[in-house]
Amino acid sequence: MTQVTTEDGYILSLQRIPAGRSGKKATKPPVLIHHGLFCDAVVWLLNSPEESLGFFLADSGFDVWLANGRGTRYSSTHTSLSPDDMVYIFDI
């Protein structure tokens, strides 16, 4: 897992699938996949490897990155705020 810190202090996580199931490293460009509302990046991996977009792209030779938006299970930290703070929740 890789973490990045935004300019406003949110610490977001990214998971990477750098190779397909064959073990062969990616030869195609990187692809960033982001989840929708009320989800996290795991939604791209829940089905079987043949039916999950993240695994399908990795098996096809892409360098796959799965992003987690702030407030999700994997991106709930901040440099100075708690998820319970109103400023964290509403960004006011």
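Quick caveat: nothing in here was measured; it's all calculated off a predicted structure.

Caption draft 1: The packing of aromatic side chains, seen in detail. Considering all chains together, one arrives at 1 aromatic pair under this definition. The side chain of Arg70 reaches across the aromatic face of Tyr10, ending 4.2 Å from its centre.

Caption draft 2: Geometry of the pairing of strand E1 (residues 2–5). Both E1 and strand E2 (residues 10–17) contribute to a ladder of 4 bridges, which runs antiparallel. When the sheet's bridge partners are listed, Thr5 is paired in E2 with Ile11. Between E1 and E2, which pair antiparallel one after the other, the connecting turn spans 4 residues, and Gly9 there sits at a positive phi close to 95 degrees.

Caption draft 3: Quick look at the nonpolar core. Residues Ile17, Ile33, Ala41, Leu57, Ala58, Val64 and Leu66 constitute the largest nonpolar core, which totals 7 residues. Secondary structure elements with two or more residues in this core: helix H1 (53–59) and strand E4 (63–67). When near neighbours in sequence (up to four residues on either side) are disregarded, Ile17 contacts Leu45, Gly54, Phe55, Ala58, Phe62, Asp63, Val64 and Leu66.

Caption draft 4: Region of the structure containing the pairing of E2. For E2, the buried fraction is high: 6 of the 8 residues fall into the buried class. Of the pairings in the sheet, the one linking E2 to strand E5 (residues 77–78) comprises 2 bridges and is antiparallel in character. Within E5, the position partnered with Tyr10 by the bridge is His78. Where E2 lies against E4, 4 bridges are found, and the strand directions are antiparallel.

Procedures and definitions
- Each chain has its residues counted from 1, following the order in which its sequence is written.
- The predicted origin of the model limits local features to residues at a pLDDT of at least 70 and limits the giving and counting of side-chain atom pairs to 80 or more, whereas totals for whole chains, interfaces and linings rest on all residues.
- In computing side-chain properties, one takes all heavy atoms of the structure into account and sets aside hydrogens as well as water.
- Aromatic pairs are defined between Phe, Tyr and Trp rings, using the six-membered ring for Trp, whenever the two ring centres lie within 6.5 Å; interplanar angles under 30 degrees are classed as stacked, those over 60 as edge-to-face, and all others as tilted.
- For a Lys NZ or an Arg CZ to count as sitting over a ring, it must be within 6 Å of the ring centre and within 35 degrees of the ring normal.
- For two strands to pair, DSSP has to find at least two bridges joining them.
- Labels follow the DSSP assignment, with helices taken as runs of H or I lasting at least four residues and strands as runs of E lasting at least two, numbered in each case from the N terminus.
- For the purposes of this section, nonpolar cores are sets of buried Ala, Val, Leu, Ile, Met, Phe, Trp, Tyr and Cys residues that join through side-chain atoms within 4.5 Å.
- Note on exposure labels: buried denotes an accessible area under 20% of the residue type's maximum, exposed denotes more than 50%, and partly exposed covers the range between, all computed with a 1.4 Å probe on protein chains only.
- By the convention used here, residues are in contact when the closest approach between their heavy atoms is within 4.5 Å.

By themselves these figures say nothing about function.
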